[in-house]
Amino acid sequence: QVQLVESGGGLVQPGGSLRLSCAASGSISVIYTMAWYRQAPGKQRELVAAITSGGSTNYADSVKGRFTISRDNAKMTVYLQMNSLKPEDTAVYYCNANIRDLSGWYNTYWGQGTQVTVSS
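The rules behind these values
Residues numbered from 1 in each chain as written. Predicted model: local features only at pLDDT ≥ 70, side-chain atom pairs only at ≥ 80, totals over all residues. Heavy atoms only, no water. Helix = DSSP H or I, 4+ residues; strand = E, 2+ residues; numbered from the N terminus. Contact = heavy atoms within 4.5 Å. Buried < 20%, exposed > 50% of the residue type's maximum accessible area, 1.4 Å probe, protein only. Lys, Arg positive; Asp, Glu negative; His and termini not counted. Salt bridge = Lys/Arg side-chain N within 4 Å of Asp/Glu carboxyl O. Polar contact = N/O pair within 3.5 Å; in protein donor to acceptor, adjacent residues only side chain to side chain. Disulfide = S-S within 2.5 Å.

K.L.:
Would you take a moment to explain the environment of Gly8 for this structure?
P.N.:
Tracing the backbone through its elements, the reader meets Gly8 in the loop between β1 (2-7) and β2 (10-12). Placed 11 residues apart in sequence, Gly8 and Arg19 show a C-alpha to C-alpha distance of 5.8 Å. Sequence-distant contacts of Gly8, that is, excluding residues within four places in its chain, are made with Leu18, Arg19 and Leu20.

K.L.:
Help me understand the side chain of Glu6, please; the structure alone is not making it clear to me.
P.N.:
Within the element layout of this structure, Glu6 appears in strand β1. Buried and without a salt bridge, Glu6 has Arg45 as its closest oppositely charged side chain, separated by 7.8 Å. A distance of 2.5 Å separates a polar side-chain atom of Glu6 from the backbone nitrogen of Cys95. The contact partners of Glu6, leaving out residues within four places of it in the chain, are Ser21, Cys22, Trp36, Tyr93, Tyr94, Cys95, Gly111, Gln112, Gly113 and Thr114.

K.L.:
Is there a simple way to explain the state of the cysteines in this structure?
P.N.:
The bond known as a disulfide is covalent and runs between the sulfur atoms of two cysteines. With the rule as written, the count across this model stands at one disulfide. Disulfide pairing is shown between Cys22 and Cys95; the S-S distance is 2.1 Å. When the S-S torsion is -80 degrees, as for the bridge of Cys22 with Cys95, the disulfide is left-handed. Of this pair, Cys22 sits in strand β3 (residues 18-26) while Cys95 sits in strand β9 (residues 91-101), and the two are 73 residues apart along the sequence. For the residue pair Cys22 and Cys95, the accessibility class agrees, reading buried in each case.

Structure representation (structure tokens):
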């Protein structure tokens, strides 16, 4: 069984920073692309940033220059460093990963979500 567990959300003032972490665990053979999505109230879930197993990254236009995605393959963990946060960044942030397990099955997994609130 594969699990993704997120941490690091919270309340921060505009202009502040937060770092999200997401650790994968379980019967994992290979982790391919890892990503962060977010969903604000009343809106669709959207891609924030993604990183391949080789380290290539892509970002939503709204977060370019402010957010940085990274990963530690040895720890099976992906991070999202969020700087210069704005109220419109308020959302539930979800970790996502494409994983092949030890049985050979390939699936997309989601974390439980972590709330990020940007407010004064």
